[in-house]
Amino acid sequence: MFESSIDRIPDVFMKVPLVNFVLLATMLFVIGIVGVLIRKNAIIIFMSIELMLNAVNMLLIAFSSYKSDPNGQIFVFFIMAVAAAEVAVGLAIIVMIFRNIKTIDISILNKLRG
Amino acid sequence: MYPIIVFSVSGLLMLFLGLSVNKKSLLPYNLLFMLVGLASNFLDWNAPGLYFNGMLEISNPIILVQWVLIFAAILVSGISSRQFDDTHAYPAEYYAIMQFALVGALIMVSFQNLLMLFVGLEILSVGLYVLTGSDKRNLRGNEAAIKYFLMGSFATGIFLFGVAMFYGATGSFDISSGNSVANNLLEGKMFFWLGMVFIFIGLLFKISAAPFHFWTADVYQGAPTVFSAFMATIVKTAVIFALFRLAAYSFNLEYENWSKFLVIIIGLSMVIGNVTAVFQTNFKRVLAFSSISQAGFMLLSLIGLGAQSYGNLGFYSLSYALATISAFGVFLVISSNTIVEGRPSENINVFDGLFSRNPDLAIILLISMLSLAGIPLTSGFWSKFFVLNDAAAKGYFWILILGVLMSAVSLYYYFNPIRASFKKTDLGKIEISSLSKYTLYVCAALTILFGIAPNILRSLF
C-alpha cells in the first residue's frame, strides 16, 4: 500500500550504526520491565509500562529509517493512539481504587485469596 | 468482515439506547444486535480473500471461528439476564463494551498484518479492563481490575517489542513475511528469533498459560461473574487462534525451534493448572485454574499444526465455551441466591443440595463438569481426544501421557460441585429467569450432541 518514497537511508542516520539504536531501545525496555517488577506504586508501574512502549516506538522508528520503509512509522502512530486510550482506562481504574482505599500502593491489595 | 462493522455500529447504538430505554429491555436489544452480527457473517461465506488492503483475511474456516466467538458472546449475554438489575449497574455500557470487545476478538482471528493483531488485541483488552472493574464499590473487583490492567499492558509491551524485532528482521508486518528470512544467515535471524520469543510470551500472558498465569485466578475471582465467563471463553478463543495463525503462517519454518519450548509450557500449564485447582475452595478460582489447564490443552494443537489442527482447535474452543459458560451460568444463579455477609457466596458449598433445590440446574452442572473433565459422551472428551491425537502424530508421546494423567487429576475437583449438589438440604427451591434457563439448556444439549456426533461440527472446518 505504502510505496517507499525514499530509496536510500538519510545521511544523518548513516553516521550512527543501527545497533546503537537497538541497544538503547533494549536498555529502555529493560528499565521499564524492572520498574514494573520492583515498584509498588501503581502510577510508577504505569510509567514504566509507558517507558516500555516508548522503547518499542524508538526501535520501530530506527528500523523504519534504516529500511526506508514507512510502515514502521505508521505503526508508531497506532501505538501512541492505543497507549493514550490505555492511559485513560488505567488512570480511571487508579482513581476508582484511590476513592475506595485512599492509597495506590498495590502491595496492600491482597484481598483475593483462595 | 461484516460483523466487525455491525458490532462497531451496534455498540454505539447500544450506548444511545441506554439513555432512552428501560434497563430491563436492553438485553433483548443486545441479543438482537448479536444475532444480526451472526447473520451478517454469512455474507462473507465462500468469498475467501484479503480485505482492507491485505489487512484481514476471510475464509470459511475463519468465518466458522468468528461464529464460535459471536455464539459464545450470545450465550454469555443469555446468562447475564437479571444480573444487572440493581441500581449501581449500567447494562447499556456493559453490553456496548462487550460488543466492542467482540470486534477486537473478531479482528484477532482474521488478521493478516501484525498491526491488525495489535489493534484487535488492544480493543479486546481495554474493553475487558473496564468490564473487570465495572463493580466500582467492590474492593475485590477494583483489585482484580488493576491487576488485570497492569499485567495486560505489561504483556502488550512485551508483545510489541517482539513485533518491532519481527519488523527489524523482515522489513514488513505482513504475517507471511516471516518465511522470507528462513534462509538468512544467523545475524539476520537473531532479530527474528527474539521477535518470535517475545510475541509468543506476550500472547501466552494473555491466554494465561503457565508460567505466565499468576494473575488469572485473582482476576477471575474479582471480576463480576458474567465477565469472568466472557474472559474465560472469548479472550481465550481469540488469542489461541491468533497464536495459531502466527505459528502456521509466520513461524512455521522455525517449528523445530519453538515447538520444544512450547511443549514444556503446555506441560507446566497442565500440571500447575490441575494440581493447584485441587486445593481451591472458591468456585471461580477453580474455574480459573481449570482454564489454565485447558489453555495447555488448546496449545497442543499448535504442536500438532497439521491439516486437521485448525478444525480441532475450533471444536475445542466451542466445546470449552459451552461447558464453561454453563458452569458459570449455574454458579451465577445459585450464588446470587446464597448471600453471605452481604454479597453472593462464591464458595463451592453453595452447590450443597442443588439437586433437591433445582434438579435441572444440577443436571446441567453435571454435564458441564463431565465435559470439562473430558468424560466420554460429552464434547469435552472428543475435543481432548482430537488435540492429543494431533500432538501424538508429531511424536510427542510424553505430553499425551501427561495430558491423560492430568485429566484424571482434574476429575477430583470437577466432581466436588457434583458431590455437593447431591447432598441433602432443607433450603428452598431456586427460581431462574427463563432466558438463562434456555441458554443453559442450549449449552447442555449442544455439549451432549457434539459428544455423540462430533463430526457434525468438525466436518464443517
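Since this is a predicted model, take the numbers as computed values, not measurements.

### Notes on the overall build of chain B
Move 1: In terms of regular secondary structure, chain B is built from 18 helices and four strands.
Move 2: On C-alpha atoms alone, chain B measures out to a radius of gyration of 21 Å, which is about the 23 Å that the 2.2 N^0.38 rule sets for 461 residues.
Move 3: Taking the principal axes of its C-alpha atoms as reference, chain B extends roughly 75 × 55 × 40 Å.
Move 4: Within chain B, counting contacts between residues at least 6 apart in sequence, those at least 24 apart form 79% of the total.
Move 5: Counting only carbon and sulfur atoms, one obtains 67% of the accessible surface of chain B, whose full area is about 15800 Å².
Move 6: Within chain B, the 20 negative side-chain charges are centred at a point lying 6 Å from the centre of the 24 positive side-chain charges.

### So, a nonpolar patch on the surface
Move 1: There is a patch of nonpolar side chains on the surface, built from Tyr2(B), Ile5(B), Val9(B), Leu13(B), Leu43(B) and Phe52(B) and spanning about 580 Å² of accessible area.
Move 2: Tracing the backbone shows Leu13(B) in helix H1 (residues 2–20).

### Topic: the environment of Val442(B)
All names here are of chain B.
Move 1: Mapped onto the elements of the fold, valine 442 is located in helix H17 (residues 434–452).
Move 2: Residue valine 442 is classed as partly exposed on the basis of its relative accessible area of 36%.
Move 3: The spatial distance from the C-alpha of valine 442 to the C-alpha of glycine 267 is 33 Å, given a sequence separation of 175 residues.
Move 4: Other than its neighbours up to four places away in sequence, valine 442 contacts Phe71 and Leu75.

### Re helix H9 (residues 225–250) of chain B
Move 1: For H9(B), with 26 residues, the first-to-last C-alpha span of 36 Å sits near the 38 Å given by 1.5 Å per residue.
Move 2: Within H9(B), 24 of the 26 residues are buried, which leaves the element mostly enclosed by the surrounding structure.

### Some details on the packing of aromatic side chains
Residue and element names in this part refer to chain B.
Move 1: Inspection of every chain in the model, using the stated rule, returns 42 aromatic pairs over all chains.
Move 2: When the ring of phenylalanine 244 is compared with that of tyrosine 310, the centres are 5.4 Å apart and the planes differ by 65°; the resulting orientation is edge-to-face. Of this pair, phenylalanine 244 sits in helix H9 while tyrosine 310 sits in helix H12 (residues 309–337); the two residues are 66 residues apart in sequence, bridging distant segments of the chain. Across this residue pair, the class does not change: phenylalanine 244 and tyrosine 310 are buried.
Move 3: By the ring-pair criterion, three or more aromatic residues cluster together here, those being Phe166, Phe192, Phe200, Phe251, Tyr255 and Trp258.
Move 4: Here lysine 384 stacks its cationic end above the ring of phenylalanine 297, 4.9 Å away from the centre of that ring.
Move 5: For arginine 458, the ring lying beneath its charged end belongs to phenylalanine 386, and the centroid distance is 3.7 Å.

### What about the interface of chain A and chain B?
Move 1: Listed per partner, the contact involves 42 residues of chain A and 44 residues of chain B.
Move 2: Buried area between chain A and chain B, both sides added, is near 3900 Å², and the carbon and sulfur share of it is 80%.
Move 3: At the junction of chain A and chain B, the tally comes to zero salt bridges.
Move 4: Applying the counting criterion to the chain A and chain B interface returns four residue pairs in polar contact (both at pLDDT 80 or more).
Move 5: When residues of the side of chain A that touches chain B are traced back to their parent elements, those giving at least two are helix H2 (18–38), helix H3 (42–67) and helix H4 (71–101) of chain A.
Move 6: Broken down by element, the residue count for the side of chain A that touches chain B peaks at 15 residues, all from H4(A).
Move 7: Classifying every residue of the side of chain A that touches chain B gives 29 nonpolar, eight polar and five charged.

### Observations concerning the side chain of Ser177(B)
All names here are of chain B.
Move 1: Residue placement: serine 177 occurs in the loop between helix H6 (139–170) and helix H7 (186–207).
Move 2: On the basis of relative accessibility, which here comes to 11%, the residue serine 177 falls in the buried class.
Move 3: Only 2.6 Å separates the side chain of serine 177 from the backbone oxygen of aspartate 174, close enough to count as a polar contact.
Move 4: Discounting chain neighbours no more than four positions away, the residues touching serine 177 are Phe166, Thr170 and Ser172.

### A closer look at unusual backbone geometry
Move 1: Omega for the bond connecting Ala210(B) with Pro211(B) falls within 30 degrees of zero, at 0°, which places this linkage in the cis form.
Move 2: Residue position: Pro211(B) is located in the loop between H7 and helix H8 (216–222).
Move 3: A positive phi angle, close to 50°, is found at Ser68(A), a residue other than glycine.
Move 4: Mapped onto the secondary structure, Ser68(A) falls in the loop between H3 and H4.
Move 5: For Leu305(B), which is not glycine, the phi dihedral falls at a positive 50°.
Move 6: Inspection of the secondary structure puts Leu305(B) in the loop between helix H11 (283–304) and H12.

### Some words on empty space enclosed by the protein
Residue and element names in this part refer to chain B.
Move 1: This model, assessed by the stated rule, comprises seven cavities of 30 Å³ or more.
Move 2: By volume, the largest cavity is sized at about 100 Å³.
Move 3: In this structure, the largest cavity is lined by 13 residues; those nearest its centre are Tyr148, Gly152, Phe205, Lys206 and Trp215.
Move 4: Of all the secondary-structure elements, those providing two or more residues to the lining of the largest cavity are helix H5 (114–132), H6, H7 and H9.
Move 5: Class assignment of the residues belonging to the lining of the largest cavity gives a composition of 10 nonpolar, two polar and one charged.

### A few points about the confidence of the model for chain A
Move 1: Summarising the model, chain A shows a mean pLDDT of 85, and 86% of its residues fall at 70 or more.
Move 2: When mean pLDDT is compared element by element in chain A, H2(A) scores highest at 93, while helix H1 (residues 11–14) of chain A scores lowest at 69.

### Observations concerning the pattern of salt bridges
Residues and elements named next belong to chain B.
Move 1: Inspection of the entire model under this criterion finds seven salt bridges over all chains.
Move 2: One salt bridge connects glutamate 346 with lysine 284, and the closest N-O pair in it is separated by 3.2 Å. Residue glutamate 346 is found in the loop between strand E4 (343–344) and helix H13 (354–357), and its partner lysine 284 is found in helix H11; the two are separated by 62 residues along the sequence.
Move 3: By relative accessible area, lysine 284 is classed as buried at 1%.
Move 4: Measuring nitrogen to oxygen at the nearest pair gives 3.5 Å for the salt bridge that ties lysine 423 to aspartate 352. With a gap of 71 residues between them, lysine 423 in the loop between helix H16 (397–421) and H17 and aspartate 352 in the loop between E4 and H13 connect regions that are remote in the sequence.
Move 5: Classification of lysine 423 by relative accessible area gives partly exposed; the value is 46%.

### Observations regarding the side chain of Asn282(B)
Residues and elements named next belong to chain B.
Move 1: The topology assignment puts asparagine 282 in the loop between helix H10 (255–278) and H11.
Move 2: Take asparagine 282: its relative accessible area is 8%, and that puts it in the buried class.
Move 3: Within the structure, asparagine 282 has its side chain in polar contact with the side chain of glutamate 346 (distance 3.2 Å).
Move 4: Sequence-distant contacts of asparagine 282, defined by excluding residues within four places in its chain, comprise Gln221, Glu346, Asn347 and Ile348.

Cut-off values and rules
- Residues numbered from 1 in each chain as written.
- Chains lettered and ligands numbered in written order.
- Predicted model: local features only at pLDDT ≥ 70, side-chain atom pairs only at ≥ 80, totals over all residues.
- Heavy atoms only, no water.
- Helix = DSSP H or I, 4+ residues; strand = E, 2+ residues; numbered from the N terminus.
- Rg over C-alpha atoms; globule rule 2.2 N^0.38 Å.
- Contact = heavy atoms within 4.5 Å.
- Areas by Shrake-Rupley, 256 points an atom, 1.4 Å probe, with all protein chains shown as cover.
- Lys, Arg positive; Asp, Glu negative; His and termini not counted.
- Charge placed at Lys NZ, Arg CZ, Asp CG, Glu CD.
- Patch = residues over 30% accessible without salt bridge, like charges linked within 9 Å, V, L, I, M, F, W, Y side chains within 5 Å.
- Salt bridge = Lys/Arg side-chain N within 4 Å of Asp/Glu carboxyl O.
- Buried < 20%, exposed > 50% of the residue type's maximum accessible area, 1.4 Å probe, protein only.
- Expected span 1.5 Å × (residues − 1).
- Phe/Tyr/Trp six-rings, centres within 6.5 Å; stacked < 30°, edge-to-face > 60°.
- Lys NZ or Arg CZ within 6 Å of the ring centre and 35° of its normal.
- Buried area = accessible area lost by both parts, 1.4 Å probe.
- Polar contact = N/O pair within 3.5 Å; in protein donor to acceptor, adjacent residues only side chain to side chain.
- Nonpolar A, V, L, I, M, F, W, Y, C, P; charged D, E, K, R; others polar.
- 1 Å grid on protein atoms, 1.4 Å probe; cavity = no way out; pocket = protein on both sides within 12 Å on 5 of 7 lines; lining within 4 Å.
- Points joined across faces, edges and corners; volume = space filled by probe spheres on them.
- pLDDT = per-residue confidence, 0-100.

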